[in-house]
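The residues making up each chain are set out below.
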Amino acid sequence: MSDDLEKKDADRLDELKAELSGHFGRFTRWRALCVERDVTNVEGQIRLAQEVLAAPSTGTNAEWLTHLLRLKGGKSFDVDEMLAGDGPAARKDET
Amino acid sequence: MAILTFHEWTALHEAARRSFSRTLAKFDSTPARKPVAILTAWRGELTDASGRPHAEAVRRKLNDQANRRLTAEVRRRGLSIVPVVGAGQEEGEDGVLTANREESFLVQPVGEMPEKEFLAHIKYLLHNPTGEPGRGPYPHTQWGGVVKLPSQPRAFVVHQQGDPTGPEDYHVGDHLGATARPRKAEPYYTQLRYGPRASDSMIDDLDRPDDLGTIKGLPGRRFTLGDGS
C-alpha cells in the first residue's frame, strides 16, 4: 500500500474514533470488538468502527459497562441456564 | 421503651433502608435475604420519530418522564424503589474521559419473592420500563440492568444483545463481582441520593457543579461493585 493510501486510512480511522467518542459507550464497544475479533490492521479497525456506528445503541451505562467487562476479558453466561442449574453456564456461542 | 408514631417509625425505616452500609450489604457475597437490581428508564441515545437525536434538554425531560412511569410500574409490581444515580466514565481516544450519569433506582421485593419471579419482573421492566401498550418497540427499552441474587455470590449485568422483541431476550449475563465497597477511582459507581455527603476520596475531577447529587444538592456517597481486587 502506498504512503498516501496509508495516510488516508489513518486519517479516516482518526475521524471515526472521534465520532465513536461522541456517543457514550461506542468507543469501548469498538475496542472490545477489535480485541474479540483480533483485528489489528487499520482497514479492519475502520470496518469495525463503521459497524459500531451503524448499530443501534442505548447509550447507557449498562451497555458501556458490558463492553468494558468484555474488554477486560470477561465471559458472558446465560442467566436462565444459571438459575436452572448449579452455576453460571457459558453461552453456547462462547464455548 | 419509647413508642414511635407511625410517621416516626416510617421515617426511621426509610432512613435505615437508604443507609450506606445497608445498601452495600444488599450486594454482599454472603447470602443476602432479598434479590436487588439497579434500573433506569434513562437513555443516552434517544431519537425523535424521524430518527434524529433529541436536543439535550428534551432528552433529559423525556428521560425524567420515563423514570416517573418506571417508578409507577415498579410499585405496581409490589417492589420497593430507592432513587440513586448510576455513573460511568468512558475512556476515549488518548485517555480522554467522558462521564455519563443516569437517574436510576435500587429495586427490591417488599416481601418475600422467589428469584425467578423477581428476575422476570426486572426483564419486563428493562424491555418496557414505561409500561407502554402494544408489543413495541418502545422508546425507553434498556440494554440491561445490574442484578444481585441471594443464590449467586456475584452481581451481574443482565442484558439483551440488540433489538429485543420481548423480556425473554434479556438472558445474557456478565459478572461484575462479589464485593460492594466505597468508590475510590473506579470508572463506574452508584451514588446515593440520601444521607451524608461523599468523602473526598469518592469524588474526582469529572464532577461538575450541575451534576445530580443528594436531595440536598451534595454529592452523595458512592459505591462500586467489583471483584475486590
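Please read these numbers as outputs of a predicted model, since none were measured by experiment.

Conventions we followed
Residues numbered from 1 in each chain as written. Chains lettered and ligands numbered in written order. Predicted model: local features only at pLDDT ≥ 70, side-chain atom pairs only at ≥ 80, totals over all residues. Heavy atoms only, no water. Helix = DSSP H or I, 4+ residues; strand = E, 2+ residues; numbered from the N terminus. Buried < 20%, exposed > 50% of the residue type's maximum accessible area, 1.4 Å probe, protein only. Contact = heavy atoms within 4.5 Å. Areas by Shrake-Rupley, 256 points an atom, 1.4 Å probe, with all protein chains shown as cover. Buried area = accessible area lost by both parts, 1.4 Å probe. Salt bridge = Lys/Arg side-chain N within 4 Å of Asp/Glu carboxyl O. Pairing = 2+ DSSP bridges. Phe/Tyr/Trp six-rings, centres within 6.5 Å; stacked < 30°, edge-to-face > 60°. Core = buried A, V, L, I, M, F, W, Y, C linked by side-chain atoms within 4.5 Å. Axes fitted to C-alpha atoms, helices over the stretch in contact; angles between N-to-C directions. Parallel < 35°, antiparallel > 145°, perpendicular 65-115°, else oblique. Nonpolar A, V, L, I, M, F, W, Y, C, P; charged D, E, K, R; others polar. 1 Å grid on protein atoms, 1.4 Å probe; cavity = no way out; pocket = protein on both sides within 12 Å on 5 of 7 lines; lining within 4 Å. Points joined across faces, edges and corners; volume = space filled by probe spheres on them.

### So, the overall build of chain A
Thought 1: Scanning chain A from N- to C-terminus turns up five helices and two strands.
Thought 2: Looking at the 95 residues of chain A, the share that counts as buried comes to 46%.
Thought 3: A fraction of 52% describes how many contacts in chain A between residues 6 or more apart in sequence connect residues 24 or more apart.
Thought 4: For chain A, the exposed area adds up to about 5100 Å²; of that, 49% sits on carbon and sulfur atoms.

### Some details on the interface of chain A and chain B
Thought 1: The interface is formed by 36 residues belonging to chain A together with 43 residues belonging to chain B.
Thought 2: Between chain A and chain B, roughly 3200 Å² of surface is buried when both sides are summed, and carbon and sulfur atoms account for 56% of that area.
Thought 3: Run the count over chain A and chain B and you get four salt bridges.
Thought 4: Mapped onto the side of chain A that touches chain B, the elements with two or more residues apiece are α1 (3–21), α2 (26–36), α4 (61–71), β1 (77–78) and α5 (79–84) of chain A.
Thought 5: It is α4(A) that provides the largest number of residues to the side of chain A that touches chain B, a total of ten residues.
Thought 6: Where β1(A) and strand β6 (residues 172–177) of chain B come together, two bridges link them in antiparallel fashion. Its bridge partner lying in β6(B), A:Asp78 is registered against B:Val172.

### Quick notes on the packing of aromatic side chains
Residue and element names in this part refer to chain B.
Thought 1: Applying the stated criterion across every chain yields a total of five aromatic pairs over all chains.
Thought 2: Each ring, one from Phe27 and one from Phe223, has its centre 5.6 Å from the other, and the planes form 40°; the classification is tilted. With a gap of 196 residues between them, Phe27 in the loop between α2 (20–26) and β1 (36–39) and Phe223 in strand β9 (residues 222–226) connect regions that are remote in the sequence.
Thought 3: Take Phe27: its relative accessible area is 1%, and that puts it in the buried class.

### So, the nonpolar core
Thought 1: Counting 25 residues, the largest nonpolar core has B:Val107, B:Phe118, B:Ile122, B:Val147 and B:Phe156 as the members making the most contacts within it.
Thought 2: Secondary-structure elements contributing two or more residues to this core are α5 of chain A together with β1, α3 (56–76), β2 (79–91), β3 (97–109), α4 (115–127) and β5 (155–159) of chain B.
Thought 3: For this core, the leading source of residues is α4(B), giving five residues.
Thought 4: Excluding residues that lie within four positions of it along the chain, B:Val107 makes contacts with B:Pro35, B:Val36, B:Ala37, B:Leu39, B:Val74, B:Leu79, B:Ser80, B:Ile81, B:Phe118 and B:Ile122.
Thought 5: If you look at the next biggest cluster of nonpolar residues, it comprises 24 residues, including A:Leu65, B:Val36, B:Ile38 and B:Ala155.

### Thoughts on the packing of α1(A) against α2(A)
In a pair of packed helices, the angle between the axes and the distance between the axes together describe the arrangement.
Residues and elements named next belong to chain A.
Thought 1: Two numbers describe how α1 lies on α2: the axes approach to 7 Å, and their chain directions differ by 125°. Regarding the angle of α1 to α2, the classification is oblique. In contact with Leu13, Lys17, Leu20 and Ser21 of α1, α2 contributes Arg26, Phe27 and Trp30.
Thought 2: In the contact of α1 with α2, the residues fall into four nonpolar, one polar and two charged.

### A look at the environment of B:Val85
All names here are of chain B.
Thought 1: Summarising the element assignment, Val85 is placed in strand β2.
Thought 2: Note on Val85: relative accessible area 0%, which makes it buried.
Thought 3: C-alpha separation for the pair Val85 and Asn100, spaced 15 residues apart in sequence, amounts to 10 Å.

### With respect to the pairing of β1(B)
All names here are of chain B.
Thought 1: Judged by which residues are buried, β1 turns out to be covered on both faces: Val36 and Ile38 on one side and Ala37 and Leu39 on the other are all buried.
Thought 2: With three bridges connecting them, β1 and strand β4 (residues 144–148) associate as antiparallel partners. The residue of β4 that forms the bridge with Ala37 is Val147.
Thought 3: Inspection of the sheet shows β1 paired to β3 by three bridges, in the antiparallel sense. From the neighbouring strand, Ile38 faces β3, where its bridge partner is Leu106.

### Some points on empty space enclosed by the protein
By rolling a water-sized probe across the atoms, one finds the places where empty space is left.
Thought 1: Summed over the entire model, instances satisfying the criterion amount to four cavities of 30 Å³ or more.
Thought 2: Here the largest cavity is characterised by a volume of approximately 280 Å³.
Thought 3: Around the largest cavity, the lining is made up of 23 residues, and of these A:Asn61, A:Leu65, B:Ile38, B:Val146 and B:Thr190 lie nearest the centre.
Thought 4: At the level of secondary structure, the elements contributing two or more residues to the lining of the largest cavity comprise α4 of chain A together with β1, β2, β3, β4, β8 (188–192) and β9 of chain B.
Thought 5: When its residues are assigned to classes, the lining of the largest cavity shows twelve nonpolar, ten polar and one charged.

### Things to note about unusual backbone geometry
All names here are of chain B.
Thought 1: Of note, the bond from Gly136 into Pro137 is cis; its omega dihedral lies within 30 degrees of zero at 5°.
Thought 2: Considering the arrangement of structural elements, one finds Pro137 in the loop between α4 and β4.
Thought 3: The backbone phi angle of Asp163 is positive, close to 55°, even though this residue is not glycine.
Thought 4: Note on placement: Asp163 falls in the loop between β5 and β6.

### Here's the deal with the side chain of B:Glu186
Thought 1: With respect to the secondary-structure elements, B:Glu186 resides in the loop between β7 (179–182) and β8.
Thought 2: Here B:Glu186 is in contact with B:Gln89, B:Arg181 and B:Thr224, once residues within four sequence places are set aside.

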